[in-house]
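# Overview (structure and organization)
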Amino acid sequence: MTKYAVVTGGTRGIGLSITEKLAADGYQVVALYHGNEEAAKACEEATGAKTYKVDVGNYSECEELIMQIENELGPIYLLVNNAGITKDGVFHKMSKDSWDAVIQTNLDSCFNMCRHVVPFMRERQSGRIVNISSINGQKGQFGQVNYSAAKAGMIGFTKALALESAAKGITVNTICPGYIATDMTSSMNQDVLDMIIKQIPAGRMGKPEEIAELVAFLGSEAAAFINRRSCR
Ligand code: NDP
């Protein structure tokens with residue numbers, strides 16, 4: 001039977017690597033994106049994923065899309081909440097718009113997606129949810145009060161939802177990546193990046209495919225007893 005995986009932000013960066021890995025593992029992947037049509041088309045052609053445009057910060061858009069996937073494609077087995085943005089700046093100059101955008105896209109999105117997927121998973125007594133948080137949600141980062149708060153929120157969200165879902169055969173875990181080479185980090189100031197890399201034990205940034213491997217494992221049958229974890 002075809003296994004369906006939904007990956008938010010699945011057409012670029014870490015999400016694209018997750019889409020590639022899951023497609024190679026035999027999933028039918030549904031990769032969601034926000035506005036970059038070119039990346040979505042390239043992802044579809046390269047991986048065979050189906051792509052849909054949605055704002056994961058919008059509750060009713062997520063509801064409509066999940067109903068469409070469940071009714072027209074098939075049962076969602078694995079949900080990866082990966083879509084995320086940064087809008088950095090020191091807190092005393094942070095606008096309400098920057099705060100709202102980051103919380104909506106990174107944290108509200110987990111509610112918006114899970115709220116509609118979880119009832120289906122509970123009914124089927126099986127499912128996997130993997131949330132992509134960040135090391136900065138664990139330790140905080142200068143200039144990222146909004147992002148650190150959203151990513152820390154994802155960890156609490158994961159731990160509580162996992163408690164409610166375990167008895168129904170659903171696992172919920174969070175991955176907290178360190179710095180990964182994608183569009184998100186390519187816009188960072190090189191001096192800041194060099195400073196950050198010096199503090200990484202491996203002495204380099206991570207690769208998106210290194211996160212994808214862990215997502216694939218947490219989504220597998222082999223990971224049935226791994227739950228409520230924050231993996232780095
Ligand atoms: P990218 O900026 O490379 O890609 C972000 C993806 O999210 C894109 O596919 C984008 O769609 C999608 N997206 C953005 N906003 C929305 C929205 N409102 N609705 C739907 N989709 C949206 O990011 P990364 O691959 O670097 O990051 C992926 C995740 O990993 C994020 O949650 C990030 O916070 C987290 N992370 C990243 C780290 C890093 O160093 N890169 C480190 C730790 C965590 P579109 O292409 O249409 O714009």
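Residues numbered from 1 in each chain as written. Predicted model: local features only at pLDDT ≥ 70, side-chain atom pairs only at ≥ 80, totals over all residues. Heavy atoms only, no water.

### Overview of the pairing of strand 5 (residues 127–132)
What counts is decided by this rule: Burial here depends on accessible area, computed with a 1.4 Å probe over protein chains only, as a share of the maximum for the residue type. Under 20% is buried, over 50% is exposed, and the range in between is partly exposed. Secondary structure counts use DSSP, requiring at least four H or I residues in a row for a helix and at least two E residues in a row for a strand, with both numbered from the N terminus. The pairing criterion for strands is at least two bridges between them, as found by DSSP. If you view a crossover with the strands going away from you and the path from the first strand over the helix to the second runs clockwise, you call it right-handed.
Among the six residues in strand 5, six count as buried, and that is most of the element. With burial as the criterion, each face of strand 5 is covered, one bearing G127, I129 and N131 and the other bearing R128, V130 and I132. Here strand 4 (residues 76–81) pairs with strand 5 via four bridges, running parallel. Considered in strand 5, the bridge of L79 is made with I129. With helix 4 (residues 96–124) bridging strand 4 and the parallel strand 5, this β-α-β connection has right-handed handedness. By the bridge criterion, six bridges tie strand 5 to strand 6 (residues 170–175) in an arrangement that is parallel. From the neighbouring strand, G127 faces strand 6, where its bridge partner is I170.

### Observations regarding the side chain of T174
Condition: Any pair of nitrogen or oxygen atoms within 3.5 Å is treated as a polar contact; in protein, a donor-acceptor pairing is required on top of that, and neighbouring residues in sequence qualify only through side-chain atoms on both sides.
By the element assignment, T174 lies in strand 6. At 2.6 Å, the side chain of T174 forms a polar contact with the side chain of T158.

None of the figures reported here should be taken as evidence of function without further support.
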